[in-house]
Protein chains: 2
Amino acid sequence: MYTISEIADLLGVSPHTLRYYEKEKIVVPDRDANGNRVYRKEHFTWLRFVIQLKQTQMPIAKIRKYTELYLEGDHTTTARLALLEEHQRAIQEQLHTLTATEKMLSDKIESYKQYIARMKNKQLT
Amino acid sequence: MYTISEIADLLGVSPHTLRYYEKEKIVVPDRDANGNRVYRKEHFTWLRFVIQLKQTQMPIAKIRKYTELYLEGDHTTTARLALLEEHQRAIQEQLHTLTATEKMLSDKIESYKQYIARMKNKQLT
DNA sequence: ATTTGACTTCGAGTAAACTCTAACGAATAT
DNA sequence: ATATTCGTTAGAGTTTACTCGAAGTCAAAT
(Lines give C-alpha, C1' and ligand atoms only; values in the text may rest on other atoms or scores of the structure.)
Protein backbone atom coordinates (compact mmCIF):
# COMPACT_ATOMS: atom_id res chain seq x y z
CA MET A 1 0.00 0.00 0.00
CA TYR A 2 1.68 3.22 -1.19
CA THR A 3 0.77 6.87 -1.57
CA ILE A 4 1.54 8.57 -4.84
CA SER A 5 4.76 10.18 -3.61
CA GLU A 6 5.96 6.95 -2.02
CA ILE A 7 5.59 5.00 -5.20
CA ALA A 8 7.05 7.89 -7.18
CA ASP A 9 10.16 7.75 -4.98
CA LEU A 10 10.39 3.99 -5.29
CA LEU A 11 10.25 4.17 -9.06
CA GLY A 12 12.25 7.36 -9.57
CA VAL A 13 9.48 9.26 -11.33
CA SER A 14 7.42 12.29 -10.28
CA PRO A 15 3.87 12.18 -8.91
CA HIS A 16 2.95 14.32 -11.93
CA THR A 17 4.12 11.55 -14.22
CA LEU A 18 2.06 8.97 -12.33
CA ARG A 19 -1.08 11.10 -12.67
CA TYR A 20 -0.30 11.42 -16.36
CA TYR A 21 0.00 7.63 -16.67
CA GLU A 22 -3.37 7.34 -14.97
CA LYS A 23 -4.93 9.81 -17.39
CA GLU A 24 -3.45 7.69 -20.20
CA LYS A 25 -5.03 4.62 -18.56
CA ILE A 26 -1.74 2.86 -18.17
CA VAL A 27 -1.91 2.42 -14.41
CA VAL A 28 -5.12 3.31 -12.60
CA PRO A 29 -4.65 2.99 -8.82
CA ASP A 30 -7.34 2.49 -6.16
CA ARG A 31 -8.65 5.33 -4.01
CA ASP A 32 -9.01 5.63 -0.23
CA ALA A 33 -11.92 7.22 1.68
CA ASN A 34 -10.51 10.71 1.04
CA GLY A 35 -10.18 10.15 -2.70
CA ASN A 36 -6.40 9.84 -2.48
CA ARG A 37 -4.64 7.40 -4.75
CA VAL A 38 -3.60 4.06 -3.29
CA TYR A 39 -1.05 2.02 -5.20
CA ARG A 40 -0.74 -1.68 -4.42
CA LYS A 41 1.93 -4.26 -5.16
CA GLU A 42 0.40 -5.09 -8.53
CA HIS A 43 0.40 -1.43 -9.56
CA PHE A 44 4.03 -1.22 -8.57
CA THR A 45 4.90 -4.29 -10.64
CA TRP A 46 3.04 -3.03 -13.67
CA LEU A 47 4.65 0.41 -13.39
CA ARG A 48 8.10 -1.12 -13.18
CA PHE A 49 7.34 -3.07 -16.34
CA VAL A 50 6.00 0.05 -18.06
CA ILE A 51 9.09 2.06 -17.12
CA GLN A 52 11.34 -0.63 -18.50
CA LEU A 53 9.47 -0.56 -21.80
CA LYS A 54 9.69 3.25 -21.80
CA GLN A 55 13.44 3.12 -21.22
CA THR A 56 13.73 1.02 -24.34
CA GLN A 57 11.80 3.56 -26.43
CA MET A 58 8.40 1.99 -26.52
CA PRO A 59 5.94 4.85 -27.05
CA ILE A 60 3.22 5.47 -24.47
CA ALA A 61 0.56 4.70 -27.08
CA LYS A 62 1.87 1.17 -27.55
CA ILE A 63 2.20 0.61 -23.84
CA ARG A 64 -1.43 1.65 -23.48
CA LYS A 65 -2.41 -0.73 -26.27
CA TYR A 66 -0.65 -3.59 -24.50
CA THR A 67 -2.33 -2.61 -21.21
CA GLU A 68 -5.75 -2.57 -22.87
CA LEU A 69 -5.20 -6.01 -24.34
CA TYR A 70 -4.06 -7.32 -20.97
CA LEU A 71 -7.20 -5.97 -19.30
CA GLU A 72 -9.41 -7.49 -21.98
CA GLY A 73 -8.40 -10.94 -20.86
CA ASP A 74 -7.22 -14.28 -22.13
CA HIS A 75 -8.46 -14.04 -25.69
CA THR A 76 -5.90 -11.32 -26.45
CA THR A 77 -2.78 -13.37 -25.77
CA THR A 78 -1.92 -13.76 -29.45
CA ALA A 79 -2.19 -10.00 -30.02
CA ARG A 80 -0.07 -9.33 -26.94
CA LEU A 81 2.54 -11.79 -28.10
CA ALA A 82 2.72 -10.00 -31.47
CA LEU A 83 3.19 -6.66 -29.74
CA LEU A 84 5.99 -7.98 -27.57
CA GLU A 85 7.73 -9.60 -30.53
CA GLU A 86 7.52 -6.34 -32.42
CA HIS A 87 9.19 -4.51 -29.58
CA GLN A 88 11.80 -7.22 -29.30
CA ARG A 89 12.73 -6.61 -32.92
CA ALA A 90 12.91 -2.86 -32.23
CA ILE A 91 15.25 -3.55 -29.33
CA GLN A 92 17.45 -5.76 -31.48
CA GLU A 93 17.76 -2.97 -34.04
CA GLN A 94 18.68 -0.52 -31.34
CA LEU A 95 21.31 -2.92 -30.01
CA HIS A 96 22.73 -3.07 -33.50
CA THR A 97 22.94 0.70 -33.93
CA LEU A 98 24.29 1.26 -30.45
CA THR A 99 26.99 -1.38 -30.82
CA ALA A 100 28.13 0.06 -34.14
CA THR A 101 28.15 3.60 -32.75
CA GLU A 102 30.00 2.51 -29.63
CA LYS A 103 32.74 1.07 -31.84
CA MET A 104 32.87 4.22 -33.96
CA LEU A 105 33.10 6.33 -30.84
CA SER A 106 35.79 4.33 -29.12
CA ASP A 107 37.92 4.62 -32.26
CA LYS A 108 37.35 8.38 -32.37
CA ILE A 109 38.09 8.67 -28.66
CA GLU A 110 41.32 6.74 -29.15
CA SER A 111 42.45 9.11 -31.91
CA TYR A 112 41.62 12.12 -29.79
CA LYS A 113 43.64 10.72 -26.90
CA GLN A 114 46.63 10.07 -29.13
CA TYR A 115 46.40 13.52 -30.62
CA ILE A 116 46.29 15.12 -27.18
CA ALA A 117 49.25 13.03 -26.02
CA ARG A 118 51.22 14.09 -29.10
CA MET A 119 50.52 17.77 -28.37
CA LYS A 120 51.60 17.33 -24.77
CA ASN A 121 54.90 15.83 -25.94
CA LYS A 122 55.55 18.69 -28.30
CA GLN A 123 55.07 21.13 -25.47
CA LEU A 124 57.69 19.34 -23.36
CA THR A 125 60.41 19.46 -26.05
CA MET B 1 28.20 18.41 -54.94
CA TYR B 2 24.59 17.74 -53.98
CA THR B 3 21.32 19.65 -53.92
CA ILE B 4 19.26 19.53 -50.76
CA SER B 5 16.91 16.85 -52.04
CA GLU B 6 19.78 14.71 -53.32
CA ILE B 7 21.52 14.68 -49.99
CA ALA B 8 18.22 14.19 -48.21
CA ASP B 9 17.65 11.05 -50.29
CA LEU B 10 21.16 9.80 -49.68
CA LEU B 11 20.78 10.17 -45.93
CA GLY B 12 17.13 9.17 -45.63
CA VAL B 13 15.96 12.42 -44.09
CA SER B 14 13.72 15.19 -45.47
CA PRO B 15 14.90 18.49 -46.94
CA HIS B 16 12.91 20.13 -44.13
CA THR B 17 15.06 18.38 -41.58
CA LEU B 18 18.23 19.53 -43.32
CA ARG B 19 17.04 23.15 -43.25
CA TYR B 20 16.27 22.69 -39.58
CA TYR B 21 19.79 21.38 -38.95
CA GLU B 22 21.13 24.42 -40.72
CA LYS B 23 19.03 26.73 -38.55
CA GLU B 24 20.46 24.90 -35.54
CA LYS B 25 23.93 25.47 -36.95
CA ILE B 26 24.73 21.79 -37.13
CA VAL B 27 25.48 21.64 -40.85
CA VAL B 28 25.66 24.87 -42.82
CA PRO B 29 26.07 24.13 -46.55
CA ASP B 30 27.50 26.44 -49.22
CA ARG B 31 25.29 28.39 -51.61
CA ASP B 32 25.38 28.63 -55.40
CA ALA B 33 24.83 31.79 -57.48
CA ASN B 34 21.04 31.45 -57.09
CA GLY B 35 21.21 31.12 -53.34
CA ASN B 36 20.46 27.40 -53.45
CA ARG B 37 22.14 25.14 -50.92
CA VAL B 38 25.15 23.15 -52.10
CA TYR B 39 26.25 20.22 -49.97
CA ARG B 40 29.76 18.87 -50.46
CA LYS B 41 31.41 15.62 -49.42
CA GLU B 42 32.42 17.05 -46.06
CA HIS B 43 28.84 18.11 -45.31
CA PHE B 44 27.69 14.62 -46.18
CA THR B 45 30.25 13.06 -43.87
CA TRP B 46 29.35 15.35 -41.01
CA LEU B 47 25.63 14.74 -41.51
CA ARG B 48 26.13 10.99 -41.49
CA PHE B 49 28.01 11.35 -38.20
CA VAL B 50 25.28 13.60 -36.77
CA ILE B 51 22.56 11.13 -37.76
CA GLN B 52 24.40 8.30 -36.09
CA LEU B 53 24.66 10.31 -32.88
CA LYS B 54 20.95 11.14 -33.15
CA GLN B 55 20.06 7.47 -33.57
CA THR B 56 21.80 6.78 -30.29
CA GLN B 57 19.77 9.45 -28.49
CA MET B 58 22.25 12.30 -28.40
CA PRO B 59 20.13 15.47 -28.17
CA ILE B 60 20.45 18.12 -30.89
CA ALA B 61 21.78 20.59 -28.32
CA LYS B 62 24.77 18.38 -27.55
CA ILE B 63 25.44 17.73 -31.20
CA ARG B 64 25.46 21.47 -31.76
CA LYS B 65 27.84 21.93 -28.83
CA TYR B 66 30.20 19.37 -30.33
CA THR B 67 29.95 21.06 -33.73
CA GLU B 68 30.74 24.45 -32.21
CA LEU B 69 33.81 23.07 -30.48
CA TYR B 70 34.94 21.43 -33.70
CA LEU B 71 34.62 24.72 -35.58
CA GLU B 72 36.53 26.59 -32.88
CA GLY B 73 39.64 24.62 -33.74
CA ASP B 74 42.42 22.62 -32.20
CA HIS B 75 42.33 24.04 -28.71
CA THR B 76 38.96 22.37 -28.04
CA THR B 77 40.10 18.77 -28.46
CA THR B 78 40.02 18.05 -24.73
CA ALA B 79 36.47 19.38 -24.44
CA ARG B 80 35.41 17.37 -27.49
CA LEU B 81 36.98 14.23 -26.07
CA ALA B 82 35.04 14.76 -22.82
CA LEU B 83 31.80 15.11 -24.76
CA LEU B 84 32.41 11.94 -26.73
CA GLU B 85 33.32 10.01 -23.61
CA GLU B 86 30.14 11.21 -21.94
CA HIS B 87 28.08 9.94 -24.85
CA GLN B 88 29.97 6.68 -24.85
CA ARG B 89 28.92 6.18 -21.23
CA ALA B 90 25.33 7.00 -22.17
CA ILE B 91 25.50 4.37 -24.90
CA GLN B 92 26.89 1.79 -22.53
CA GLU B 93 24.00 2.43 -20.15
CA GLN B 94 21.54 2.05 -23.00
CA LEU B 95 23.18 -1.21 -24.01
CA HIS B 96 22.77 -2.41 -20.46
CA THR B 97 19.09 -1.51 -20.26
CA LEU B 98 18.35 -2.92 -23.69
CA THR B 99 20.10 -6.19 -23.02
CA ALA B 100 18.26 -6.65 -19.74
CA THR B 101 14.93 -5.79 -21.34
CA GLU B 102 15.59 -8.07 -24.27
CA LYS B 103 16.11 -10.96 -21.83
CA MET B 104 12.98 -10.06 -19.91
CA LEU B 105 11.00 -9.92 -23.14
CA SER B 106 12.26 -13.17 -24.59
CA ASP B 107 11.24 -14.91 -21.34
CA LYS B 108 7.81 -13.34 -21.47
CA ILE B 109 7.48 -14.22 -25.16
CA GLU B 110 8.40 -17.80 -24.38
CA SER B 111 5.71 -18.04 -21.69
CA TYR B 112 3.14 -16.58 -24.04
CA LYS B 113 4.04 -19.10 -26.73
CA GLN B 114 3.75 -21.98 -24.31
CA TYR B 115 0.45 -20.69 -23.03
CA ILE B 116 -0.92 -20.40 -26.54
CA ALA B 117 0.31 -23.88 -27.42
CA ARG B 118 -1.37 -25.29 -24.32
CA MET B 119 -4.67 -23.64 -25.30
CA LYS B 120 -4.44 -25.05 -28.79
CA ASN B 121 -3.95 -28.55 -27.37
CA LYS B 122 -6.96 -28.22 -25.13
CA GLN B 123 -9.07 -27.32 -28.14
CA LEU B 124 -7.97 -30.45 -29.98
CA THR B 125 -8.94 -32.83 -27.17
C1' DA C 1 5.74 32.99 -73.66
C1' DT C 2 4.31 30.31 -70.22
C1' DT C 3 4.17 26.29 -67.51
C1' DT C 4 6.61 23.14 -64.55
C1' DG C 5 9.50 21.86 -60.96
C1' DA C 6 12.79 22.61 -57.62
C1' DC C 7 14.40 25.63 -54.84
C1' DT C 8 14.06 29.81 -51.31
C1' DT C 9 12.33 32.16 -46.61
C1' DC C 10 9.81 32.86 -42.45
C1' DG C 11 6.70 31.69 -39.40
C1' DA C 12 3.23 28.70 -37.75
C1' DG C 13 1.71 24.06 -36.52
C1' DT C 14 2.32 19.33 -34.64
C1' DA C 15 3.20 15.22 -31.60
C1' DA C 16 4.94 13.17 -27.58
C1' DA C 17 5.66 13.18 -22.93
C1' DC C 18 5.70 15.34 -19.56
C1' DT C 19 5.53 19.44 -16.09
C1' DC C 20 3.49 23.00 -13.79
C1' DT C 21 -0.20 26.14 -11.81
C1' DA C 22 -4.05 27.49 -9.18
C1' DA C 23 -7.50 26.66 -6.20
C1' DC C 24 -9.11 23.71 -3.11
C1' DG C 25 -9.63 19.76 0.81
C1' DA C 26 -8.16 16.83 4.61
C1' DA C 27 -5.12 15.41 8.31
C1' DT C 28 -1.39 16.29 11.29
C1' DA C 29 1.79 19.40 14.25
C1' DT C 30 2.31 23.35 17.44
C1' DA D 1 -7.08 27.38 16.58
C1' DT D 2 -4.12 27.82 13.13
C1' DA D 3 -0.28 26.58 10.18
C1' DT D 4 1.85 23.12 7.52
C1' DT D 5 1.97 19.21 4.65
C1' DC D 6 0.25 16.28 1.44
C1' DG D 7 -3.08 15.24 -1.43
C1' DT D 8 -6.84 16.47 -5.13
C1' DT D 9 -8.54 18.50 -10.01
C1' DA D 10 -8.67 20.62 -14.65
C1' DG D 11 -6.36 22.81 -17.68
C1' DA D 12 -2.45 25.39 -19.40
C1' DG D 13 2.46 25.54 -20.52
C1' DT D 14 7.00 23.51 -21.91
C1' DT D 15 10.52 21.07 -24.54
C1' DT D 16 12.29 18.61 -28.40
C1' DA D 17 12.55 17.77 -32.97
C1' DC D 18 10.67 18.17 -36.50
C1' DT D 19 7.01 19.25 -40.29
C1' DC D 20 4.24 22.05 -42.96
C1' DG D 21 2.32 26.12 -45.58
C1' DA D 22 2.36 30.23 -48.19
C1' DA D 23 4.43 33.25 -51.08
C1' DG D 24 8.04 34.03 -53.94
C1' DT D 25 12.41 33.20 -57.30
C1' DC D 26 14.74 30.98 -60.99
C1' DA D 27 16.00 27.94 -64.89
C1' DA D 28 14.69 24.51 -68.07
C1' DA D 29 11.03 22.39 -71.09
C1' DT D 30 7.11 22.94 -74.31
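Residues numbered from 1 in each chain as written. Chains lettered and ligands numbered in written order. Predicted model: local features only at pLDDT ≥ 70, side-chain atom pairs only at ≥ 80, totals over all residues. Heavy atoms only, no water.

### Examining the domain arrangement of chain A
Residue and element names in this part refer to chain A. Put simply, the rule reads: Domain start and stop positions are those given by an automatic or database domain assignment. Throughout, a contact is declared for two residues whenever any of their heavy atoms are within 4.5 Å. A 1.4 Å probe defines the accessible area here, and the buried area is the portion of it lost by two parts on being joined, summed over both. For this document, the term salt bridge refers to a Lys or Arg side-chain nitrogen within 4 Å of an Asp or Glu carboxyl oxygen. Two N or O atoms count as a polar contact when they lie within 3.5 Å, although within protein this holds only if one can serve as hydrogen donor and the other as acceptor, and sequence-adjacent residues are included solely when both atoms are side-chain atoms. Each residue is assigned to one class: nonpolar for Ala, Val, Leu, Ile, Met, Phe, Trp, Tyr, Cys and Pro, charged for Asp, Glu, Lys and Arg, and polar for all the others, Gly among them.
With domains assigned, chain A is organised as domain 1 (1-72) and domain 2 (84-125). A C-alpha centroid distance of 36 Å is found between domain 1 and domain 2. Counting residues at the interface gives 6 residues for domain 1 and 5 residues for domain 2. Buried area between domain 1 and domain 2, both sides added, is near 470 Å², and the carbon and sulfur share of it is 59%. Of all residues in domain 1, T56, M58 and Y66 give up the largest surface area on contact with domain 2, accounting jointly for 62% of the area buried on that side. Across the domain 1-domain 2 interface, the total number found is 1 salt bridge. A salt bridge links K62 to E86, with the nearest nitrogen and oxygen atoms 2.6 Å apart. At the junction of domain 1 with domain 2, the criterion picks out 3 residue pairs in polar contact (both at pLDDT 80 or more). Here the residues of the side of domain 1 that touches domain 2 sort into 3 nonpolar, 2 polar and 1 charged.

### Considerations on the pattern of salt bridges
One side chain can pair with another of opposite charge once the charged atoms of both are near each other. Residues and elements named next belong to chain A. With the rule as written, the count across this model stands at 15 salt bridges over all chains. Ionic pairing is found between E42 and R40, a salt bridge with its closest N-O pair at 2.6 Å. Through salt bridges with shared partners, a single network forms among E22, R31 and R37.

### A word on the packing of aromatic side chains
The condition is simple: Note on aromatic contacts: the rings of Phe and Tyr and the six-membered ring of Trp form a pair at centre separations within 6.5 Å, being stacked when their planes are under 30 degrees apart, edge-to-face when over 60 apart, and tilted otherwise. We call a charge positioned over a ring when the NZ of a Lys or the CZ of an Arg lies within 6 Å of the ring centre and within 35 degrees of the ring normal.
On inspection of all chains with the given rule, the structure shows 12 aromatic pairs over all chains. Here the guanidinium or amino end of A:K108 rests over the ring plane of B:F49, the centre of that ring lying 4.7 Å away.

### A short note on the packing of helix α1 (residues 4-11) of chain B against helix α2 (residues 15-23) of chain B
All names here are of chain B. Let me state the cut-off plainly: Fitting a line to C-alpha atoms yields each axis, with helices limited to the stretch in contact; the angle taken between N-to-C directions then spans 0 to 180 degrees. Only DSSP runs of H or I covering at least 4 residues are called helices, and only runs of E covering at least 2 are called strands; the numbering of each starts at the N terminus. The scheme is simple: roughly parallel for angles under 35 degrees, roughly antiparallel for over 145, roughly perpendicular for 65 to 115, oblique for anything else.
Close contact between α1 and α2 brings their axes to 9 Å; oriented N to C, the two are set at 105 degrees. Here α1 is positioned roughly perpendicular relative to α2, judged by the angle of their axes. Across the interface between the two elements, I4, S5, I7 and A8 from α1 touch P15, L18 and R19 from α2. In the contact of α1 with α2, the residues fall into 5 nonpolar, 1 polar and 1 charged.

### Section: the relation of the copies chain B and chain A
Note the cut-off: We superpose the copies by least squares over the C-alpha atoms of residues that have a pLDDT of at least 70 in both of them.
Between chain B and chain A, the superposition needs a rotation of 180 degrees and an axial shift of 0.0 Å, giving an RMSD of 0.2 Å. The operation mapping one copy onto its partner corresponds to a two-fold rotation axis. Proximity to the rotation axis, assessed at the C-alpha, singles out B:L95 in chain B; its C-alpha lies 3.2 Å from the axis. In this assembly, 100% of the residues forming the interface of chain B have copies in chain A that are likewise at the interface, indicating an isologous arrangement.

### Quick notes on helix α4 (residues 60-72) of chain B
The test is simple: Working rule for helices: expected span equals 1.5 Å times residues minus one.
Over its 13 residues, α4(B) extends 18 Å from the first C-alpha to the last, a length consistent with the 18 Å expected when each residue adds 1.5 Å. Contacts made by the buried residues of α4(B) are with α5 (77-124) of chain A together with α2, α3 (41-55) and α5 (77-124) of chain B. Of the residues trailing α4(B), B:G73 is marked for its positive phi of about 110 degrees.

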